[in-house]
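Observations on the three-dimensional arrangement
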Amino acid sequence: MHTRLSIDHAFNTYHQMIKQKHLDLASMKELPESHAWSSSLDESPSNASSTPDSVPVINLKDPNAMKLVGHACKTWGVFQVTNHGVPTNILEEIEAAGRNLFALPIQQKLKAARAPNGVSGYGVARISVFFPKLMWSEGFTIIGSPYEQARKLWPDRYSKFCDVIEEYKEEMNKLAQRLMALMLGSLGVTMEDVKWGGTQAGSSCPAALQLNSYPACPDPERAMGLAAHTDSSLLTILHQNNTSGLQAHKEGTGWVTVPPIRHALVINVGDLLHILSNGLYPSVLHRAMVNRTQHRLSVAYLYGPPSNVQISPLSKLTDQVHPPLYRPVTWSEYLGTKAKHFNKALSSVRLCAPLNGFADANDHNGVVPVG
Ligand SMILES: C=C1C[C@]23C[C@@]1(O)CC[C@H]2[C@@]12CCC[C@@](C)(C(=O)O1)[C@H]2[C@@H]3C(=O)O
Ligand SMILES: O=C(O)CCC(=O)C(=O)O
Ligand SMILES: [Fe+2]
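Residues numbered from 1 in each chain as written. Chains lettered and ligands numbered in written order. Predicted model: local features only at pLDDT ≥ 70, side-chain atom pairs only at ≥ 80, totals over all residues. Heavy atoms only, no water.

**Thoughts on the pairing of strand β12 (residues 296–303)**
Looking along a regular strand, one sees side chains alternate from face to face of the sheet. Of all 8 residues making up β12, 8 are buried, and the element is well covered by its neighbours. Burial along β12 is two-sided: the face carrying R296, S298, A300 and L302 and the face carrying L297, V299, Y301 and Y303 are both buried. Examined bridge by bridge, strand β5 (residues 207–214) and β12 share 8 bridges and lie antiparallel to one another. The residue bridging Q210 from the neighbouring strand is A300, located in β12. Summarising the sheet, strand β7 (residues 235–240) and β12 pair through 6 bridges and their orientation is antiparallel. Across the sheet, H239 pairs through a bridge with V299, a residue of β12. (Buried < 20%, exposed > 50% of the residue type's maximum accessible area, 1.4 Å probe, protein only. Helix = DSSP H or I, 4+ residues; strand = E, 2+ residues; numbered from the N terminus. Pairing = 2+ DSSP bridges.)

**Quick notes on the coordination of the iron ion (ligand 3)**
Under ideal tetrahedral coordination, the four donors around a metal are separated by 109.5 degrees; under ideal octahedral coordination, the six donors are separated by 90 or 180 degrees. All of the protein donors around the iron ion (ligand 3) are H229 (NE2), D231 (OD) and H286 (NE2); their distances to the metal are 2.1 to 2.2 Å. One chain supplies every donor to the iron ion (ligand 3), and in sequence these donors are spaced H-x1-D-x54-H. Taking the relative accessible area as the measure of exposure, H229 reaches 11% and is therefore buried. By relative accessible area, which is 8% here, D231 ends up buried. (Donors = N, O, S within 2.8 Å, 3.2 Å for Na, K, Ca; no water.)

**Looking at the UniProt feature "coiled-coil region" (unreviewed entry) in the chain**
Per the UniProt record, "coiled-coil region" (unreviewed entry) is found at residues 158–185. From the first C-alpha to the last, residues 158–185 spans 41 Å; its make-up is 96% helix and 0% strand. (UniProt positions renumbered as here; feature names shortened; annotations may be inferred.)

**Observations regarding the pattern of salt bridges**
Scanning the model with the defined rule gives 11 salt bridges in all. K250 is the partner of D53 in a salt bridge, and the nearest nitrogen-oxygen pair spans 2.9 Å. Here D53, found in the loop between α2 (45–48) and β1 (57–59), pairs with K250, found in strand β8 (residues 246–250); they are 197 residues apart in sequence, far enough to count as distant. Residue D53 is classed as partly exposed on the basis of its relative accessible area of 29%. Under the relative-accessibility criterion, K250 is labelled buried at 17%. Put simply, K316 and D193 hold a salt bridge, and the shortest N to O gap is 3.1 Å. Note that K316 is positioned in the loop between β12 and α9 (331–341) and D193 in the loop between α7 (159–186) and β5, a separation of 123 residues in sequence. On the basis of relative accessibility, which here comes to 55%, the residue K316 falls in the exposed class. The exposure class assigned to D193 is partly exposed, which follows from its relative accessible area of 38%. (Salt bridge = Lys/Arg side-chain N within 4 Å of Asp/Glu carboxyl O.)

**Things to note about the packing of helix α3 (residues 65–75) against α7**
At a minimum axis distance of 8 Å, the contact between α3 and α7 shows a crossing angle of 80°. When the axes of α3 and α7 are compared, the pair comes out roughly perpendicular. Only A181, L182, M183, G185 and S186 of α7 make contact with α3, whose side of the interface consists of M66, V69, G70 and C73. Of the residues contributing to the contact of α3 with α7, the split by class is 6 nonpolar, 3 polar and no charged. (Axes fitted to C-alpha atoms, helices over the stretch in contact; angles between N-to-C directions. Parallel < 35°, antiparallel > 145°, perpendicular 65-115°, else oblique. Contact = heavy atoms within 4.5 Å. Nonpolar A, V, L, I, M, F, W, Y, C, P; charged D, E, K, R; others polar.)

As structure tokens, then:
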């Protein structure tokens, strides 16, 4: 009896917590205190800078694409690609699928809520636990097959959603492999040089698909859509709808908006590529802002190595003068480290202190993340 009570209690407490965290943001007329960040979020260093600096846009059909990709990875850690080969109808379909999902009533979405220790499903940003305030967004994570979660949302008509997701993942996987080859090529390394690079045509590396929704917000200056973070992936392919909100942080410049370009895709360097390149291609710190009138949607495809593969600095990039800066880690080990240490995760797998005495570029000790 006592056990039954405590299970009920735990269940109710969990659901109360879920309810508090999962406010129906789209229906809110005021910003609740739980979501009110500082009022100085817009004081980004880029506003103070007089030299305009913008995220590179690379045409993948450009004969110099490899060189341009390498330069963008080194100097920004983020760039946009055009002529990427992903059919536009697939980009439109994934956006519509996201729109349909987030338009469901909150009670319906909660049926597919991510379990406390789970990975797939509906929920607030995972990184919320590291911040005192909640973010003005909702997310849906898909790892592996979308069927189990989709059936909870649409018991009788889940197959269209699942087909769109599977098709999108296939296209993203093809593009991710192509980008990986360009990134490695720009480092003077081939796909065959990395043990997992020679995956047979048609096979795929593991990936997470993250659908993000940022409803219009009554007080956007004090709200945060998704707080500053780096992705744990090798690389991330981000599709944003036509509403701006994504910002990338560049050393010496500050926060820079990554403007939506119709049918272009944003590519982020993730922490594992940072490790693989021995810090030559730093992972980009980025965040999503919200606005007063527009509902913003984004879809992130986080691409990683096969689960049994340890990622460590490429031997071609290290020698006595350039020792490996990071110890080997698998993706799942790194995700565990990230879940525990968040923005200190990279430093926590670092082998030796940098010569200049500074920590990793994205190890901001909690100073940069909110603004
Ligand atoms: C594989 C993963 C990377 C991710 C955590 C996750 O298990 C699934 C979602 C990913 C995401 C997307 C939004 C930003 C992010 C930091 C987060 O909280 O969830 C990333 C995670 C990551 O890259 O570490
Ligand atoms: O919505 C965006 O533009 C950013 C999303 C993002 O950073 C992520 O899902 O990892
Ligand atoms: Fe991200």
